[in-house]
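Chain residues, written in single-letter form:
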Amino acid sequence: MIADLLAPKLLLIYYCIAAALYTHHRGKVRHRPFRQLSDHSTFMAPVNAIMYLFSKIPCTPYINTSHFPELKVLDQHWECIRDEAQQLYRQSHIKAADKLDDIGFNSFFKTGWKRFYLKWYGDELPSAQSLCPKTVELLRNIPGIKAAMFAMLPPGSRLVRHRDPYAGSLRYHLGLITPNTEECFISVDDEVYYWKDGESVMFDETYIHFAENSTDKDRIILFCDVERPMNNPLATAFNHFFSRFVMAASATQNLDGDRVGGLNKAFQYLYQVRLLGKRIKNYNRTLYYTLKWILFLSLLYGIFG
């Protein structure tokens, strides 16, 4: 009996359940239980639990940037970075995706959020090398930065409460063109920070967070994913592997000629399924949730059955 309960397949199930429960109860702010069940953070929990367990730095909502002295060069050159961002803004290059090829941030575009990618879990984008070479060069000299972009939050915009999927990185924001007021802020696990020109902040994006710009001015920041330092070589190698071969698959483009990853190539087809789901939900919410849970439970059975 005990041997059956300790079978490898069951041990994997126990681990996945424990990781999902930890993800849900981590922090002060939580999704409702049914929302959490189908949230991407539940599916990523077994991977992210490794990142939390072997993290070399504190697993807190905000992280002191002193843990990353190599980022000081960005703070020191913020005006140079701002000037290139401002030029992109004037040329309307900081924008929403032209196509359905941005699986990571597609839901943000409907509230006005815009971006221009500089690099994404691999090499810099050719468009970024051409249009903002000074910023790209600064980023190139900091190997720990796995992804970077200019991100704009227009007046009156709000990003809903959410978790980002991957705990192998931490989020760095450097204020470039901001309202410099408490009315333009981010809240991470119910702790509020408001952006200021030339000031940086770092936080763990796998805590529930949201952002809001209640002013009449645009907010533009340098937005970077910085590799989470791990406390042993094996965990570091796993983090490198996952970011290089999974996160890189969500690469997208600013302009034609930039590489699009496999996940984003598939996203345009997956989005049609999402649109079908929305039509079913508008027609009959009971039918929609019944089908959703049948699909969810079938997926679980396919993995663990």
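Residues numbered from 1 in each chain as written. Predicted model: local features only at pLDDT ≥ 70, side-chain atom pairs only at ≥ 80, totals over all residues. Heavy atoms only, no water.

**Brief notes about the pattern of salt bridges**
Then, in step 1: Following the criterion strictly, the structure yields 14 salt bridges and no others.
Then, in step 2: Between Arg 26 and Asp 204 there is a salt bridge, and its shortest N-O distance comes to 2.7 Å. Of this pair, Arg 26 sits in the loop between helix H2 (8–25) and helix H3 (33–37) while Asp 204 sits in the loop between strand S7 (200–203) and strand S8 (209–213), and the two are 178 residues apart along the sequence. The burial state of Arg 26 is the same as that of Asp 204; both residues are buried.
Then, in step 3: Between Lys 146 and Glu 227 there is a salt bridge, and its shortest N-O distance comes to 3.3 Å. Note that Lys 146 is positioned in strand S2 (residues 145–153) and Glu 227 in strand S9 (residues 219–227), a separation of 81 residues in sequence.
Then, in step 4: You can call Lys 146 partly exposed: its relative accessible area is 22%.
Then, in step 5: Overlapping salt bridges, with partners in common, bring together Asp 164, Arg 171, Glu 205 and Asp 225 in one network. (Salt bridge = Lys/Arg side-chain N within 4 Å of Asp/Glu carboxyl O. Helix = DSSP H or I, 4+ residues; strand = E, 2+ residues; numbered from the N terminus. Buried < 20%, exposed > 50% of the residue type's maximum accessible area, 1.4 Å probe, protein only.)

**Comments concerning helix H8 (residues 133–140)**
Then, in step 1: Taken residue by residue, H8 has Thr 135, Val 136, Leu 138 and Leu 139 as its buried positions. The buried residues of H8 occupy an angular sector of 160 degrees when the element is viewed end-on, so they sit on one face.
Then, in step 2: Buried residues along H8 sit against helix H5 (72–76), helix H6 (78–90), strand S1 (114–120), helix H7 (126–131), S2 and S9. (Arc of directions from axis to C-beta. Contact = heavy atoms within 4.5 Å.)

**Things to note about the domain arrangement of the protein**
Then, in step 1: When cut into domains, the protein gives domain 1 (62–260) and domain 2 (269–304).
Then, in step 2: Computed from C-alpha coordinates alone, the two centres of domain 1 and domain 2 are separated by 31 Å. (Domains from an automatic or database assignment.)

**Description of the packing of helix H4 (residues 40–53) against helix H9 (residues 233–245)**
Helix-helix packing: each pair is described by the crossing angle between the helix axes and the interaxial distance.
Then, in step 1: Two elements in contact, H4 and H9, have axes whose closest approach is 10 Å; the angle formed by their N-to-C orientations is 140 degrees. Looking at the two axes, H4 sits oblique to H9. Of the two elements, H4 crosses H9, and the hand of that crossing is left-handed. In contact with Met 44, Val 47, Ile 50 and Met 51 of H4, H9 contributes Phe 238, Asn 239 and Phe 242.
Then, in step 2: Taken together, the residues of the contact of H4 with H9 sort by class into six nonpolar, one polar and no charged. (Axes fitted to C-alpha atoms, helices over the stretch in contact; angles between N-to-C directions. Parallel < 35°, antiparallel > 145°, perpendicular 65-115°, else oblique. Left-handed = near helix turned anticlockwise from the far one by under 90°. Nonpolar A, V, L, I, M, F, W, Y, C, P; charged D, E, K, R; others polar.)

**Here we look at the sheet that holds S2**
Then, in step 1: If you walk across this open sheet you meet the five strands as S1-S2-S9-S4-S7, and the pairing is antiparallel. Of all strands in the sheet, those with a lone pairing partner are S1 and S7, marking the two edges. Between one strand and the next, the sheet's axes are offset by a mean angle of 20 degrees, whatever the strand orientation.
Then, in step 2: Bridge analysis of strand S4 (residues 169–177) against S7 gives four bridges, and the strand direction is antiparallel. (Pairing = 2+ DSSP bridges.)

**Some words on empty space enclosed by the protein**
Then, in step 1: Evaluation of the coordinates by the stated rule reveals three cavities of 30 Å³ or more.
Then, in step 2: Looking at the largest cavity, its volume works out to about 140 Å³.
Then, in step 3: Along the walls of the largest cavity sit 19 residues, with Phe 108, Trp 113, Leu 159, His 173 and Phe 223 positioned nearest its centre.
Then, in step 4: When residues of the lining of the largest cavity are traced back to their parent elements, those giving at least two are S2, strand S3 (158–162), S4, S8 and S9.
Then, in step 5: Its residues placed into classes, the lining of the largest cavity shows 13 nonpolar, three polar and three charged.
Then, in step 6: Taken together, Lys 95, Ala 96, Ala 97, Asp 98, Lys 99, Asp 101, Arg 115, Gln 253 and Asn 254 make up the lining of the second largest cavity. (1 Å grid on protein atoms, 1.4 Å probe; cavity = no way out; pocket = protein on both sides within 12 Å on 5 of 7 lines; lining within 4 Å. Points joined across faces, edges and corners; volume = space filled by probe spheres on them.)

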